Each structure stands twice: as structure tokens, then as C-alpha cells.
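Inside the fold
What follows is each chain in one-letter form.
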Amino acid sequence: MNEKVIMRNLDPNERSHTFEEVALGYNDEEALKEANRCLQCVNPRCMKGCPVNIEIPKFIKAIKEKNLEEAYNIILNSSSLPAICGRVCPQEKQCESMCVKGLKGDAIAIGSLERYVADYAREHKLNKTNRKPKIGKKVAIVGSGPSGLTCAGQLLKEGIDVTIYESLHKAGGVLTYGIPEFRLPKKIVESEIDNLKAMGARILLNVVIGKTITLKELEDTYDAVYIATGAGLPKFLNIPNENANGVFSANEILTRINLMSSFKEDAKTPIKKGNKALVIGGGNVAMDAARSLKRIGYDVTITYRRTMEELPARKMEIEHAIEEGIKFNLLKNPKEVLIDENYNVKGLKVALMELTDIDESGRRGVKELPNEYEEIPCDTIVVALGTMPNPIATENSDIKTDSKGLIITDGSLTNNSRVYAGGDAVTGSATVILAMEAGCEAASKIISSIKEH
Ligand code: SF4
Ligand code: SF4
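Analysis parameters
Residues numbered from 1 in each chain as written. Chains lettered and ligands numbered in written order. Predicted model: local features only at pLDDT ≥ 70, side-chain atom pairs only at ≥ 80, totals over all residues. Heavy atoms only, no water. Helix = DSSP H or I, 4+ residues; strand = E, 2+ residues; numbered from the N terminus. Buried < 20%, exposed > 50% of the residue type's maximum accessible area, 1.4 Å probe, protein only. Contact = heavy atoms within 4.5 Å. Pairing = 2+ DSSP bridges. Axes fitted to C-alpha atoms, helices over the stretch in contact; angles between N-to-C directions. Near = heavy atom within 4 Å. Nonpolar A, V, L, I, M, F, W, Y, C, P; charged D, E, K, R; others polar. Expected span 1.5 Å × (residues − 1). Right-handed = clockwise from strand over helix to strand, strands pointing away.

This brings us to the side chain of Glu317. Take Glu317: it is sitting in helix H15 (residues 315-323). A residue is classified by how much of its surface remains accessible, and Glu317, at 2% relative accessible area, is buried. Once you skip the residues sitting within four places of it in the chain, Glu317 turns out to touch Arg183, Asn284, Met287 and Arg291.

As C-alpha cells, then:
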């Protein structure tokens, strides 16, 4: 009774050639067994770890009572994207890290139970469109990623009209272009977006705020504006030959694979596929890029400056990558992209590193070993070193940003009293659930302000 019910996964040999979802979800029996492990604490520590404050014991109790509609309604009170959170929230660092059962054994698999309920709701068409009567106010949201969608959900519930502006040809932001199908199937994202549309959200695609329409024009048309443009601008290494043919940012490779299926022969914008890829970085995006390249036939190695212990990616994603045959080449610092006479990638020169003491980030530091280099042959390099906010929406506006390009806010509000901002555009690249928390917070500020005026 005390051991966690482990979610079944697709066999690694099978899944490393397909984009099918890896984690298979709980069946009814497994979900009930896991729900029955929950102690129904009177002071539930788990809730303190949930940024959107889901009433965790309550929804788990409803699962125990086999009342999944009730469980779904309880989750929906706090989250408009439960099928997504149940899959991509770093639960082990949030709600589950606080669960009392985790003090002496396995924490309750809260995320897996949330996913189970959300999937049941979708399969049984329980989706709700609970909305108060319209109050004659309208808000523009710039960006249709997790923060923008969450903000939209909260505003719609209060009877406020919402128009979401998306620069790409599909809604969902990082949920659509960034997180691969095998971790987050696109039909799940589409279904959550369809729920918002059923509540009345208007989503306008292929509109670049700052180019097609200015922020000022939105301000003049709407009662408030929420900027949730995320952090989609990739960071690069600034090493020689980084512009060579065969070097990609993780953003580009993931967008091409996820959104444009560019690995298919009949794709409109095909990528010239190589054989041996090096992915530089150790976060979740590096794992996503490596595992995506593996699925389209590459032999993939991840290079990282530190060791396995310091990899910042989720443990589960690292384990999945290893199971799928991704190799790791650690304690290496990229110095130069090696090229052939046609400016195509033929390898990466790296410096060998060693660990030093724990630094201010709480991790072991690293330093290069003097004059120790290695050349790693490859034909494709993917740089996954994080992202920064894209400045297009705000660059010709009065909205203040800091030296890193992050929008400066005071509790969601920018220096302009009608413009709010949140998510990665304010904090820098973070998690889906933190972006959702910011969307929630901004919505409540917008609702109060709109109702006051
Ligand atoms: Fe846990 Fe995330 Fe669900 Fe909150 S939203 S209960 S943190 S999985
Ligand atoms: Fe259940 Fe753990 Fe939350 Fe207690 S802390 S209510 S055991 S999930």
C-alpha cells in the first residue's frame, strides 16, 4: 500500500523510433490504488507546493469515491490546463516534494492522478464552459502559451471577453512548438485550447504584435492588455563558426520537428538530415532536442560542462533519454565549430573541464583544464543553452525592460497602468506551471482593476 504505483511507459526500443507518447497514464485500477495511498491530511502540505493552488486532497478523495466528474471540477477551479500540468509540471519539485508521504517513502503521484482525471474528462467529453454573464469588458492577450491561456481562462470565467494574438500559425506557444509530441501530444494541447474557445476565447493567429499591430493600438482598443510572449529567443555560444551549415538552436530544431514535421520527405521546409548530432546543454530542452533527433534517425550525444549529478533536466527525462540510447559526453566546454571546405559542420572542438567547489548557484563550479582539448566528430550541432524574451512586442513601446530584456513589473503590472505582463517574458525561461501561476495572478489583478473602473 505504501509504494507508489509507477506509470507504465512505452518500451524504449519501440519509442525511440516513434513520436508516440512515452508515458501511458494510469488505468482505473492503478489510479484508485494510488489515490488510496493519500492520507487526506487535514493540513495538506502538498497544496503549498502547487503554484496554482489546486485542492489536491479534495480531488484525490473524489477519485477514491470514483466520482471523476467531481474530481475534474475541483481541479478546474484552479487550473484551466490540467491535462498539460499532469504531464509537464515538474511535480517532483513542487506538490509532490511537499507531500507528507514523501518524508518516509514515496510521495503520492499527484501529477499522474491529475493527468488521469483530465484524460478521463476529455475522453468522456466532460469539458466545462462555466462562464459568468458578460460584463462588457475586453482584454487582449499577447501570446497563446501557458501563461496567456491561463490568464484567458480566468478572465473568461468572470465574463470578460478575451482576444489572444499569436504570432505563429498554431496556438499553444511552447506547448505546441517546444515540447515534443512524445511528452505532450498535440491533441491534448488542442483539446485544452478548444475548451477555452468554447468559453468564448477568440484566437487570432499569424499576428505579430509590435509589427502587424502595435501595443499602443491594442491599448486603445481593449480595457487591458496582458503580455505573455514567453522567452523564445535562443542564446548562442559565441564561438567561431557558429553560423556553419548544420548548427541549429534547440528552438529551431524543435519547432521544425514539432510544428512543421520537417523531417518528412514531403515537408514544405525540410531539414537536411545528418547522421551524428551533438546537443549542447543539460536542461529539459536539451533532452527534448536529443530525444527528437534520435527519433528521426540520428546517433545523438549530449555534451555538458558539468557531470550527470549537476544536469538541470528533470530526472525522469534524463532516465528516458538514457533508456532511448542518448549518450552523454560530460565535463566538456565548446570552443569552436569545426567545418569542412563548404562551411558544413564536421565536428566540435571542446575544452576538458573539471569540477570545483560549490558556487553561488548552489552547484559545483567548473574550470577548464589547461591546454586539454578534444575534437568530437559530428555533422549536426544543436545549441540548447536557454532562451531570452523576444523584444518585438515591446521594443517600440513605452514598456520598460531591464538589461536582459525582461519586462519590469510590479505584481504583474508594467509601468503602463493598462498593460500587464507575466511568465517567461518577465522571469526569463522557467516552467509551464510558473507561467500559468503568473497568468492567474495577472488575471486577478486585471479583474480587480476592470471592476473598479
Ligand atoms: Fe502538482 Fe502541478 Fe498539478 Fe499543481 S498543477 S498539483 S504542482 S502537478
Ligand atoms: Fe495526500 Fe500527500 Fe497531500 Fe497528504 S500531503 S493530502 S498524503 S497528497
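Let us look at the sheet that holds strand S2 (residues 161-165). Spatial strand order, S3-S2-S1-S4-S15: five strands in an open sheet with parallel pairing. Each edge of the open sheet carries a strand with a single partner, namely strand S3 (202-204) and strand S15 (419-421). Taken over all neighbouring pairs, the strand axes of this sheet differ in orientation by 20° on average, direction set aside. Here strand S1 (residues 138-142) runs beside S2; their pairing, made up of five bridges, is parallel. In the strand pairing of S2, Val139 is matched with Val162.

Close to ligand 1 lie 13 residues, the nearest being Cys50, Cys89, Gln91, Cys95 and Glu114. The biggest single contributor to the shell around ligand 1 is helix H8 (residues 110-123), with three residues. Tallied by class, the residues present in the shell around ligand 1 amount to nine nonpolar, three polar and one charged.

Taking 1.5 Å of rise per residue, the 12 residues of helix H9 (residues 146-157) would be expected to cover 16 Å, and the 17 Å separating its terminal C-alpha atoms lies within 8% of that figure. The element H9 is extensively covered by neighbouring structure, given that 12 of its 12 residues are classed as buried. Buried within H9 we find Pro146, Ser147, Gly148, Leu149, Thr150, Cys151, Ala152, Gly153, Gln154, Leu155, Leu156 and Lys157. Among the residues trailing H9, Gly159 stands out with phi positive, at a value near 85°.

A separate point is the pairing of strand S7 (residues 276-280). Of all five residues in S7, four are buried, a share of seventy percent or more. Taken together, the five bridges between S7 and strand S8 (residues 299-304) define a ladder with parallel strand orientation. The residue of S8 that forms the bridge with Leu278 is Thr301. In the classification by handedness, the crossover that spans S7, the intervening helix H14 (residues 284-295) and the parallel S8 is right-handed. The pairing of S7 with strand S13 (residues 380-383) spans four bridges and is parallel. Looking at S13, one finds that Leu278 is bridged to Ile381.

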